[in-house]
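Okay, here's what each chain looks like letter by letter:
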Amino acid sequence: MKNERVNAIVEDLVDVIRGVMLKHSVTNDEFKQAIEFLEGASRETFELQLMLRNFFEITTAVAANQEHEGSAANIAGPFYLEGAPEIANGEHIKVLEESNGEEVTIRGHVKGTDGKPIEGVKLDVWHSTPVGTYSGVHPGIPADHYRAKLTTDAAGYYEVKTTKPVPYQIPHDGHTGQLLTMMGRHSWRPAHVHFKAHGEGLVEHITQVYFEGEDYVDSDCCDAVIDELVLPTAQVNGENVITKDFVLDPA
Ligand code: DHB
Ligand code: FE
């Protein structure tokens, strides 16, 4: 049965790709090389997924941002895990003692598009270790570390303390890494903190925060950095403080 949306998208996709092939006079040999390259990637576990996410996941967030009034959504990345430990407002996320990360406090308010604070929003926070790995994914870091779920109070306020993440290098020993190298690009993401906010009657909101002035903010391999999400670090009573407010759309 014909699916109108599939047809509309694939027809446009084919047109765009044909246009690129004509623009660059792609030869039959190059066409065959491209097919072999993609077949090679598909034989590696998760490689096509990695490649497509690297280049296109951000576009789903940008498309969602066009439709919504709230604060900017961003890519989810592959490392969200259900069941992060619940912590109280102001508590420290569980981290490995020996990792000696730089301390940071992230706090802010969650509001609706009407400007009113929203109580009871569940906010998942997850980020890399101070050596750029993810708990429950990479070896040696239990899944209940570097992840937490907190709940906004009556003022819509949340606050979490943790150790600062560092830049993350996507897997780069396969076809995605090869392609980025051929393009003269690197395979690094700037340091970032992931958030997922959900509450009754609200559109689920997935986003990230980046640190102003830090490495790779201007050259993210995933092209996912959105200006609004690059935040300054303030010094408040000797603490590094990032203020990240959320505006959530009604469902
Ligand atoms: C990837 C990893 C991340 O932590 C992220 O935020 C985005 C992408 C990745 O491995 O593709
Ligand atoms: Fe990430």
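Residues numbered from 1 in each chain as written. Chains lettered and ligands numbered in written order. Predicted model: local features only at pLDDT ≥ 70, side-chain atom pairs only at ≥ 80, totals over all residues. Heavy atoms only, no water.

### Regarding the site of ligand 1
Line of reasoning, step 1. Near ligand 1 you find 14 residues, and of these Arg 53, Tyr 134, Arg 189, His 192 and His 194 are the closest.
Line of reasoning, step 2. With respect to ligand 1, the side chain of Tyr 134 contributes an N or O atom lying 2.9 Å from an oxygen atom.
Line of reasoning, step 3. At a separation of 3.0 Å, an oxygen atom of ligand 1 approaches a polar side-chain atom of His 192.
Line of reasoning, step 4. Here ligand 1 loses 98% of its free accessible area of 290 Å² to cover by the protein chains.
Line of reasoning, step 5. For the shell around ligand 1, the elements supplying multiple residues, two or more each, are helix H3 (47-67) and strand S7 (192-198). (Near = heavy atom within 4 Å. Polar contact = N/O pair within 3.5 Å; in protein donor to acceptor, adjacent residues only side chain to side chain. Areas by Shrake-Rupley, 256 points an atom, 1.4 Å probe, with all protein chains shown as cover. Helix = DSSP H or I, 4+ residues; strand = E, 2+ residues; numbered from the N terminus.)

### Looking at the sheet that holds S7
Line of reasoning, step 1. Taken in spatial order, the 5 strands line up as S3-S2-S7-S8-S9 in an open sheet, and their pairing is mixed. Sheet topology places strand S3 (147-151) and strand S9 (230-231) at the edges, where each strand pairs with a single neighbour.
Line of reasoning, step 2. The sheet contact formed by strand S2 (residues 122-127) and S7 spans 6 bridges and is antiparallel. The residue bridging Leu 123 from the neighbouring strand is Ala 197, located in S7. (Pairing = 2+ DSSP bridges.)

### Concerning the pattern of salt bridges
Line of reasoning, step 1. Under the counting rule described, the total for this entry stands at 9 salt bridges.
Line of reasoning, step 2. Residue Glu 204 pairs with Lys 196 through a salt bridge whose shortest N-O separation is 4.0 Å.
Line of reasoning, step 3. In this structure, a network of salt bridges that share partners links the residues Glu 159, Lys 161 and Glu 239. (Salt bridge = Lys/Arg side-chain N within 4 Å of Asp/Glu carboxyl O.)

### Quick look at the packing of H3 against helix H4 (residues 175-182)
Line of reasoning, step 1. It is the contact of H3 with H4, at a shortest axis distance of 8 Å, that shows an interaxial angle of 40°. In terms of axis orientation, H3 runs oblique to H4. Touching Glu 47, Leu 50, Met 51, Asn 54 and Phe 55 of H3 are His 175, Thr 176, Gly 177, Leu 179 and Leu 180, all from H4.
Line of reasoning, step 2. By residue class, the composition of the contact of H3 with H4 is 5 nonpolar, 4 polar and 1 charged. (Axes fitted to C-alpha atoms, helices over the stretch in contact; angles between N-to-C directions. Parallel < 35°, antiparallel > 145°, perpendicular 65-115°, else oblique. Contact = heavy atoms within 4.5 Å. Nonpolar A, V, L, I, M, F, W, Y, C, P; charged D, E, K, R; others polar.)

### Let's talk about the environment of Thr 243
Line of reasoning, step 1. Secondary-structure assignment places Thr 243 in strand S11 (residues 239-243).
Line of reasoning, step 2. Beyond its immediate chain neighbours, meaning those up to four positions away, Thr 243 contacts Arg 107, Gly 108 and Leu 231.

### A look at the environment of His 186
Line of reasoning, step 1. As for its position among the elements, His 186 is in the loop between H4 and strand S6 (188-189).
Line of reasoning, step 2. According to the relative accessible area criterion, His 186 is partly exposed, its value standing at 26%.
Line of reasoning, step 3. Residues His 186 and Gln 169, 17 residues apart in the sequence, show an inter-C-alpha distance of 8.7 Å.
Line of reasoning, step 4. Polar contacts involving the side chain of His 186 include one to the main-chain amide nitrogen of Trp 188, which spans 3.0 Å.
Line of reasoning, step 5. At 2.8 Å, the side chain of His 186 forms a polar contact with the side chain of Ser 219. (Buried < 20%, exposed > 50% of the residue type's maximum accessible area, 1.4 Å probe, protein only.)

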